[in-house]
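Read off the chains here:
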Amino acid sequence: MPAFPKKLLWVLLALAFLVPLLHPLFPDVVSGYRLFLVSTMIIAAIAVLGLNLLTGFNGQISLGHGAFYAVGAYTAAVLMDHLNMPYWATLPCAAVVCFIVGYLFGLPALKLEGHYLALATFALALAVPQILKYKWLEGMTGGVQGIVLNKPEVPFGLPLSEDQWLYYYCLIVMVVLYWAAANMLNSRSGRAMMAIRDQYMAADTMGIDTALYKTVTFGISAAYTGIAGALSASAIAFVAPDSFNIFLSIKFLIGLVVGGVGSLAGSVAGGIFYVLVDNSAQALSLFVRNDLGLPFDLSAYTVFGVLLIALMYLMPMGIVGGVYLAWRKLRGVRG
Amino acid sequence: MKTTRRNFVGGVSTVAMLSASGVALAQKKYSDGATDKEIKIGNTNPYSGPASSYGVIGKCIEAYWKSVNDRGGINGRMVKFVTLDDGYSPPKTVELVRQLVEQEKVLAMFQTLGTPTNTAIHKYMNQKKVPQLFVATGASKWGKPKEFPWTMGFQPDYHTEAVIYAKHILANHKDAKIGVLMQNDDYGKDYWEGFKEGLGKDIGKVVKHVTYETTDPTVDSQIIQLKDSGANVFFNISIPKFAAQAIRKAADLGWKPVHYLNNVSSSVASTLKPAGLENSQGILTALYLMDPTDKQWNNNADMKTWSAWMDKWMPGANKSDGSYVYAYAVSYLMEQTLKKCGDDLTRENLMRQAANHQKLRVPLLLPGITINTSPTDFYPVQSVQLASFKGETWNLFGDIMSAEST
Amino acid sequence: MEQFIQQLASGLANGAIYACVALALVMIYVSTDHINFAQGEMAMFSTYISWQLMTWGLSFWVAFIAAVAFSFVLGVIIERAILRPLHNAPVLSIIVVFIGLLAICNSMAGAIWSYLIKEFPSPFPKSSFGIAGVIGPHQLGVVVVTLIVLGLLFVFFRYTPLGLAMRAAAQNPQMARLVGVRVDWMLALGWGLAASVGAVAGIMVAHIVYLDPNMMGGILLYAFASALVGGISNPGGAVLGGFIVGVLENMVAFAGNQIEKATGIYIIGNGEKLTVALIIVITVLTVKPAGLFGRVVVKRV
C-alpha cells in the first residue's frame, strides 16, 4: 500500500482544525449537525483503524469488532453513570479494559485461522449484546434498557458549542491514535507484525515471538476500537444492547475494505465512507422515489447493496488503493 | 365521514374556547418547519435490518399525508413528511433526528419507531424543545409531562396491558400456575414489569419465566420448558413470528394452558393463521384497534373507509397487516392535532393541542375507545378490551378497561 | 426425563435445519473456496419463489422443483455477472460483495412480498408418521430430505466426472485447467448447485420458522458454526455438525434449568444458550482446528 504524502496530511489536519471556526461565517454550512456527523465519522474511523491494525497489518480477520466497540462504550458508560467519572477519564479505562479482553480473546484465536477465526469473532459479536443483558450484570449495565448519559461539557470555559467541542475532542483523540499507530508500524514491532502477516513461517523461524505479537496486536486493536466505542458513548449519550448488533461489526469490516486494507489513511477514508454511504443510499432512494417517480419502491438497503458491489467492482483494493492507481495512471506511471 | 366532521367541529370549538382564553387566532405564528404553505414533519423508521417488518408503518403514514395534501392539506398547508431509515439502531436514530431537526428544520418528529431508538433521542428532543409526538412504542416512559414535556406516546402502554392480564388471571383462575415466555429486550421487559406489578403479592404464582432472543430460529425449546413446569396459565410476550411458533408448539406438545397473548401479536393474519386457527381457539388478548382480518368488522363504516383508502393510496399493499390500521389511526390523530393548531403552528401550541384532546373518536379504534389527553395526561389511548379467539375472529367481552400507568 | 427427550428431539429437529443450510455453505466452499454470507438470503429468496408459484396454483413438488431450478440459474448468473469480474480481488473484497448481495436479496424480498410472516405448507402427511409431542412429521421429513441431499452430493462428487472436475477446479485450478477442465464454468456450476441446495434448505425450513425476509438471519450463524464444527470441506461432517449444534444448544438450556431447579440459582438459561453453545464450539475448534471431520491440510514450506 502506498504511503500517504506527508504534506497533504498536514494540510488536511490544519483544515480539520480550522473548519469549525468558520461557523460564524457560514452558519448553515458548518452547522452543529454537520460537525456532529463528522464526529461520528471520526469515531468510525478510529474503530476501523483498530480493525485495520489486526486485519490489515497482522493478517488476522475479525468479523466481531463491534464487540470491542460495545465493551468500550459500556466501560465508559458504567464509569460515568456509577462512579461519576469525567468523560475524558473514561478513555484510558476503556482502552485498558478492551486491551485485556482483546488479549484474552487473542489467546484461543492463535489456534484459529481464516474462516475459523471469522466464526469465533462473529460469535463474539453476537455474544456481547447477550452478555450485556445477563441477569447478574443488569444492575451495572442497565440490562435491555441501557444507560442514558450526559453529553460532554465544554471545559475551561472555552467559547465553543457542545458540538464543536465534541468534534475537537474526537479529532484530537484520532490524531493521537493515528500518530501512535504510524509510529508503531514504523518500528521493529510493526515490521514484525507485518512479517507475520506476509510470511508467517519465515517470521517464526527468524525468532519473532509470533504468539506474543499476535495476541498483543489483538489487544491493541481491541483497545483502539474500544476507545472509539467510549467516544461514541459520549457522543450519542446513550448505550443499549441494540446499538451493538452484528451489523455494526459488519459495517466496520465494510469500512475497512472500502477504505483500504493495510493502509492507515484508508481507515480514515473507510470511517468517512461508513457514515456517508448510509446517508447517500438514503438520499438516492428518496430521490428515486420522489423525483424520478419510479413505480418500483427502491429501498435504501437495496441501494446500499448495489453501492457496495459497484465499489468493489471499481476499486477492489479500496478507496485509497483506487485513488492511488488513478493518480499513477494520471501521471502516466506504468507498472 | 360523519364522525370526521363532528370531530372537526369539536376541534374548532376547542380552538374557539382557547382563543377566548387569550390565544390570538387571527395572528399567524410559526416555529421552524411551518410556513403559510407547508408543514414539515420528520420521522425515523426501520426500513432495513431486523425490525424491518415495521417499515410499512412509515410507508403508510407517508401515503396518508399524500392523501391529506390531495384533499387540500391542513388549513391550506401542505404536509411535507420526511421519513428516514434508522435500521432500529439508536446511534443512527440520533444522527438522523439531528439531521431532521437541525438541517431539515422540521416542526416536529412524529411516530419515531422503537423503544431504544426513542430513548436515545428523548433527552435531545426535550432539550431542543421539539415535539416528539405519538411515538411508535408501547413503553410506559413516554407519558411524563413533568420531566419530558415534549414527548408523548400513543398506544396503550405494555405495562398497563400486562397489569390488566394479571388482574384478569387473579380474578378468574384461583389456582393459577403461570408460565411466561418473554422476548429478551425492553419491549418484553416492560410487559414483564407490568405483569409483576399486577400480580403483586401473588408473584409466586409464576412458576416459570423463560426468554428468547430474536436471533433464535425457534422457541420450541422454551415451550418445552414451560410445559414441563406444570404451568396452566401461559402469558405469551412475543412478536408474531415467535407467537405463532409458540402456539403451534404448545398444541403439538398437547399443552393446553389458558393462553394470554400480548396485543403486539393479536393479528389474525400474521399470528393466528400461521399458527393454525384450530390451535388458537380460546386464546385471550387485549385489543384497542380493529383487526382488518377479523370478519366482524367487514361491514364497519370505518373499516370500509380505510379499505377504500388503502386501495387508492397503497395499491398492492397487504391489507391483512394490522400495521396499516395502526398507521392510519395514528396519522388521523396527528392530522386532527395539527388542524386544531389553526394558524398558530408553534411547537408550544402543537404540544398544547396534543395535550388537549377530549373524547376524540379516532377511526379504527374499537367502538367506545376515545382519545383523552391533558397537560398531566400524556397517554392518548389508555383503554383496551379483552377478547377471546373463537372460530376465525376475536370475540370482545367485558367492559372497556383502563389502568393508568404511573 | 420427559423434558430431556423432548429437548433432545427438538434439538435434533433444529439441527436438521442448520444441517440443511450448512450443506449449502459447504457446497459453495468445496466448489469455489469462499464462504458465502449471502447464502441464507439467497435461499430465502428461492423459498419466496416457490411460495409465489404455489399461490399461483402449482402443487408443492412442482413449485419445489421449479424453485430449485430457478435458484440454479440464479446462482450461475450471479457467479458469471458479479463474481467473475472480481476473481482477482482479495478475499475481504469478496466478502463485502457477499454482504452487498445479502442486502439486495433481503430488501428486494421485503419490497416484493412484504415483511409479514407467511405460512409455508409442509409436503409431509400430517399424522401418519412422527411421534406425537416428541418430534413432528415435518421435522422427521426435514431430516430425511437432508440425508437424501447429502447422499446425492456424495455420489455426485465422488463418482461423476463432472463432480470430480468441480473438485479439481476448486482445489487446484491451474492443474485442472491443464488437464482440460473448464475451470470458470465449474465455478459457476458450483454456485448454481449451492444455490439449489440452499433453496431446498429454505423450503424445508420455512414451514418451521415461517417465511419472512429475515428468516435466515439467525439460522445462518448456526449453519456457519455447524459447517465449521464438521470441517468446512466435508458435507457429511456439516450435517453431523448441524445436529451437534442443535442438540448442544437445547442441552445448555436444559442443564441451566436443572441447575436452577436444584439450587434455585439462575446461572445460564435461554438468554445465554447461544453464547454457551458457541463457546463450546470454539473450544472444540481450538483443540481440533480443522473441525471434527475435516481433513488437516499440510502446508508445504
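Caption draft 1: Highlighting the overall build of chain A. Each helix and strand in chain A was counted, giving 14 helices and two strands. The C-alpha atoms of chain A give a radius of gyration of 20 Å, which matches the 20 Å a tight globule of 335 residues would have. Over its C-alpha atoms, taken along the principal directions, chain A stretches across nearly 60 × 60 × 50 Å. A buried classification covers 53% of the 335 residues belonging to chain A. Across chain A, contacts joining residues at least 24 apart in sequence account for 77% of those joining residues at least 6 apart.

Caption draft 2: View of the pairing of strand 13 (residues 393-402) of chain B. All names here are of chain B. Both strand 12 (residues 383-390) and strand 13 contribute to a ladder of seven bridges, which runs antiparallel. Directly across from S383, in strand 13, lies its bridge partner S402. Counted along the chain from strand 12 to the antiparallel partner strand 13, the turn is two residues long, and its residue G391 has a positive phi close to 65°.

Caption draft 3: Highlighting the packing of helix 5 (residues 114-132) of chain A against helix 9 (residues 216-230) of chain C. Where helix 5 of chain A contacts helix 9 of chain C, the two axes come as close as 11 Å, and the packing angle between them is 145°. By crossing handedness, the relation of helix 5 of chain A to helix 9 of chain C is classed as left-handed. Counted together, H115, Y116, L119, F122 and L126 of chain A of helix 5 of chain A and L221, F224, A225 and L228 of chain C of helix 9 of chain C form the full contact between these two elements. Looking at the contact of helix 5 of chain A with helix 9 of chain C residue by residue, the classes come out as eight nonpolar, one polar and no charged.

Caption draft 4: Broad picture of the confidence of the model for chain C. Residue and element names in this part refer to chain C. Across chain C, pLDDT averages 85, with 95% of residues at or above 70. When mean pLDDT is taken per element in chain C, helix 2 (residues 39-55) scores highest with 94 and helix 11 (residues 273-287) scores lowest with 79. As scored by the predictor, the complex reaches a pTM of 0.88 and an ipTM of 0.86.

Caption draft 5: The arrangement of the interface of chain C and chain A in detail. Listed by partner, the interface residues are 36 residues for chain C and 35 residues for chain A. Elements supplying a minimum of two residues to the side of chain C that touches chain A: helix 4 (91-113), helix 9 and helix 11 of chain C. At 14 residues, helix 4 of chain C tops the list of elements feeding residues into the side of chain C that touches chain A. By residue class, the composition of the side of chain C that touches chain A is 28 nonpolar, seven polar and one charged.

Caption draft 6: Quick peek at the pairing of strand 3 (residues 78-85) of chain B. All names here are of chain B. Pairing between strand 2 (residues 38-45) and strand 3: eight bridges, direction parallel. Paired with T44 across the two strands is L84, which belongs to strand 3. Read as a crossover between parallel neighbours, the route from strand 2 over helix 2 (residues 55-70) to strand 3 is right-handed.

Caption draft 7: Region of the structure containing the packing of helix 5 of chain A against helix 11 of chain C. Put simply, helix 5 of chain A and helix 11 of chain C touch, their axes get as near as 9 Å, and they point 155° apart. Compared by their axis directions, helix 5 of chain A and helix 11 of chain C come out roughly antiparallel. Judged by the sense of rotation from one axis to the other, the crossing of helix 5 of chain A with helix 11 of chain C is left-handed. Contact residues: Y116, A120, A123, L126, A127, Q130 and I131 of chain A in helix 5 of chain A; L274, T275, L278, I282 and L285 of chain C in helix 11 of chain C. For the contact of helix 5 of chain A with helix 11 of chain C, the per-class residue count stands at 10 nonpolar, two polar and no charged.

How each quantity is defined
- Throughout, residues of each chain are indexed from 1 in the direction in which the sequence is written.
- The naming scheme follows written order: chains are lettered A onward, ligands numbered 1 onward.
- Residues qualify for local features only when their pLDDT is at least 70, as the model is predicted, and side-chain atom pairs are given and counted only at 80 or more; totals for whole chains, interfaces and linings, by contrast, use all residues.
- Only DSSP runs of H or I reaching four residues or more are called helices, and only runs of E reaching two or more are called strands; each is numbered from the N terminus.
- Atoms considered for the radius of gyration are the C-alpha atoms alone. The globule rule reads 2.2 Å times the number of residues to the power 0.38.
- Any residue with 12 or fewer other C-beta atoms within 10 Å of its own C-beta is exposed, any with 20 or more is buried, and the rest are partly exposed; the C-beta atoms used are placed from the backbone.
- Two residues qualify as being in contact provided that their C-beta atoms, derived from the backbone, are within 7 Å of each other.
- Here the rule is simple: two strands pair whenever DSSP picks up at least two bridges between them.
- Only the stretch in contact is used when a helix axis is fitted, and all axes are lines through C-alpha atoms; the angle between N-to-C directions ranges over 0 to 180 degrees.
- Helix crossings get a hand from a simple test, with the near helix turned counterclockwise from the far one by less than a right angle marking a left-handed crossing and a clockwise turn marking a right-handed one.
- Throughout this entry, Asp, Glu, Lys and Arg are counted as charged residues, while Ala, Val, Leu, Ile, Met, Phe, Trp, Tyr, Cys and Pro are counted as nonpolar. The remaining residues, Gly among them, count as polar.
- For every residue, the predictor assigns a confidence score, pLDDT, that lies between 0 and 100.
- Clockwise travel from the first strand over the helix to the second, with the strands pointing away from the viewer, marks a crossover as right-handed.
- For classification, angles of less than 35 degrees are called roughly parallel, those exceeding 145 degrees roughly antiparallel, those between 65 and 115 degrees roughly perpendicular, and all remaining angles oblique.

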